[in-house]
Amino acid sequence: MVSTLYWLTFSCSYSHRLSLQSRRLNLPLSFKSSCFPLSFKNTHRLIKSGASQYHEKDESNEISGTLREKGNQGTMPKHVAIILDGNTRWANRQGLRISEGHEAGARKALEMTMDFFSLGINTVSLFAFSTENWRRPEDEVNYLMAIFEKNFKTEIPHFQRHKIKVSVIGNPVNIPSSLLDAIHEAEEATKNYEGKQLIIAINYSGKFDILQACKSLAEKTKSGLIQVEDIDEKLMENELMTKCSEFPNADLLIRTSGEQRISNFFLWQSAYTELYFPSVHWPDFTKSEYLEALTWYQQRKRRFGRRV
């Protein structure tokens, strides 16, 4: 379930785990004009250095190229929301501890998030902990809160290096004060970044989000700041927690593990969201799986009630 997302155990030493297609290695001009003798050792060093220089660029090109090879001319989503389901079931199948399933899911979350940003996707939302997850065993909940706090603190350099704006949404009630402090520190450290936003939903529910927005509008009406006749969709969206994003409404929502429901996530924000339900568990959501999801999205005809 959604609480098994330990996205916060990201490693700052992240590197893409994508296999490159076979291609000719174009060496820099400085290598071509080099005067040192091409012994086996020097040749090996030259090739290795050239490959390292182009590694990141080639991987990014490969992702985009793969989409083009599938014949898709559609646009990329601006906002992808993910319910990372199946970490526990994955661990059980592998004969591993549940915590190891969470850790595998965390690594996968960072890989997908970074790859999505490299493709031009602006906003990635991760459902980390729902209001319903408080019903889980106390020791599991305490572990989740502790790991969230630890990694909010340790991953700030990663977010800063990649200029990722971090926003956390949800009900702060019942969240440990030390975790709230860590969240505030991460948000403050990244608040000025643009173009890449990671939204983490902790103690969040779509019903609560709508309810708190309605209460806020009611208070403003009561105090005379607005009139009842002023309330429309725009005002409502300005009260939802996703007002922190340039693209508050998800274009694509992915839920892994074969479950075909959104489990109280983004109820308002998913009115016209394309819903994608792959059968694989989250740690098995590989490059080919997410490329298939994006390909599927690009083939959708998004009419928004119109005739096309």
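Notes on the structure follow.

Quick word on the overall build of the protein chain
Then comes step 1: Per the secondary structure count, the protein chain includes 10 helices and 6 strands.
Then comes step 2: Buried residues in the protein chain amount to 45% of all 308 residues.
Then comes step 3: Look at the contacts in the protein chain between residues 6 or more apart in sequence, and 79% of them connect residues 24 or more apart.
Then comes step 4: Put simply, the protein chain shows about 16,300 Å² of open surface, and 51% of that area lies on carbon and sulfur atoms.

Quick word on the pairing of strand E5 (residues 252–255)
Then comes step 1: Both faces of E5 are covered, namely the face carrying Leu 252 and Ile 254 and the face carrying Leu 253 and Arg 255.
Then comes step 2: As paired strands, strand E1 (residues 79–83) and E5 are joined by 4 bridges and run parallel to one another. The residue bridging Val 80 from the neighbouring strand is Leu 252, located in E5.
Then comes step 3: Summarising the sheet, E5 and strand E6 (residues 274–276) pair through 3 bridges and their orientation is parallel. Across the sheet, the residue bridging to Leu 253 is Leu 275, located in E6.

Focus: the sheet that holds strand E2 (residues 123–130)
Then comes step 1: Taken in spatial order, the 6 strands of this open sheet run E3-E4-E2-E1-E5-E6, and their pairing is parallel. Across the chains shown, the open sheet's two edge strands, defined by having one partner strand only, are strand E3 (165–169) and E6. Across this sheet, the average inter-strand angle for adjacent strands is 20°, counted without regard to direction.
Then comes step 2: In terms of strand pairing, E3 meets strand E4 (residues 197–204) through 5 bridges, oriented parallel. Pairing of Ser 167 across the sheet is with Ile 199, part of E4.
Then comes step 3: Where helix H4 (residues 98–118) meets the sheet, it contacts E1, E2 and E4, and its direction lies at approximately 155° from that of E2.

Quick word on unusual backbone geometry
Then comes step 1: You will see that Lys 163, though not glycine, has its phi angle at about 55°, which is positive.
Then comes step 2: Examined against the element boundaries, Lys 163 turns out to sit in the loop between helix H6 (156–161) and E3.
Then comes step 3: Here the phi dihedral of Asn 174 falls at roughly 80°; this positive angle occurs in a residue that is not glycine.
Then comes step 4: Structurally, Asn 174 is set in the loop between E3 and helix H7 (177–190).

Some details on the packing of aromatic side chains
Then comes step 1: All chains considered together, the criterion is met by 9 aromatic pairs.
Then comes step 2: When the ring of Phe 127 is compared with that of Tyr 204, the centres are 6.2 Å apart and the planes differ by 80°; the resulting orientation is edge-to-face. With a gap of 77 residues between them, Phe 127 in strand E2 and Tyr 204 in strand E4 connect regions that are remote in the sequence.
Then comes step 3: With relative accessibility at 0%, the residue Tyr 204 sits in the buried group.
Then comes step 4: Taking 5.4 Å as the distance between ring centres and 20° as the angle between the ring planes, the aromatic pair formed by Trp 282 and Phe 285 counts as stacked. For the residue pair Trp 282 and Phe 285, the accessibility class agrees, reading buried in each case.
Then comes step 5: By the ring-pair criterion, three or more aromatic residues cluster together here, those being Phe 127, Tyr 204, Phe 265 and Phe 266.

Observations regarding the packing of helix H3 (residues 87–94) against H4
Helices that pack against each other are described as a pair by the angle of their axes relative to one another and the distance between those axes.
Then comes step 1: It is at 8 Å that the axes of H3 and H4 come closest, and there the two elements cross at 120°. Judged by the inter-axis angle, H3 sits oblique to H4. As for the relative orientation of H3 and H4, their crossing is right-handed in sense. Each of Asn 87, Thr 88, Trp 90 and Ala 91 in H3 lies in contact with H4, whose residues at this interface are Ile 98, Glu 100, Gly 101, His 102, Ala 104 and Gly 105.
Then comes step 2: Split into classes, the residues belonging to the contact of H3 with H4 amount to 4 nonpolar, 5 polar and 1 charged.

Looking at H7
One turn of an α-helix holds 3.6 residues; hence residues three or four places apart share an orientation.
Then comes step 1: Compared with the 20 Å implied by 1.5 Å per residue over 14 residues, the 20 Å span of H7 between its first and last C-alpha is a close match.
Then comes step 2: All of the buried residues along H7 are Leu 179, Ala 182, Ile 183, Ala 186 and Thr 190. One side of H7 holds all its buried residues, which, seen down the axis, span an arc of 100°. Along H7, the residues that are exposed and aim more than 90 degrees away from the buried face are Ser 177 and Asp 181.
Then comes step 3: Next to the buried residues of H7 lie helix H5 (138–154), H6, E3 and E4.

Conventions adopted
Residues numbered from 1 in each chain as written. Predicted model: local features only at pLDDT ≥ 70, side-chain atom pairs only at ≥ 80, totals over all residues. Heavy atoms only, no water. Helix = DSSP H or I, 4+ residues; strand = E, 2+ residues; numbered from the N terminus. Buried < 20%, exposed > 50% of the residue type's maximum accessible area, 1.4 Å probe, protein only. Contact = heavy atoms within 4.5 Å. Areas by Shrake-Rupley, 256 points an atom, 1.4 Å probe, with all protein chains shown as cover. Pairing = 2+ DSSP bridges. Axes fitted to C-alpha atoms, helices over the stretch in contact; angles between N-to-C directions. Phe/Tyr/Trp six-rings, centres within 6.5 Å; stacked < 30°, edge-to-face > 60°. Parallel < 35°, antiparallel > 145°, perpendicular 65-115°, else oblique. Left-handed = near helix turned anticlockwise from the far one by under 90°. Nonpolar A, V, L, I, M, F, W, Y, C, P; charged D, E, K, R; others polar. Expected span 1.5 Å × (residues − 1). Arc of directions from axis to C-beta.

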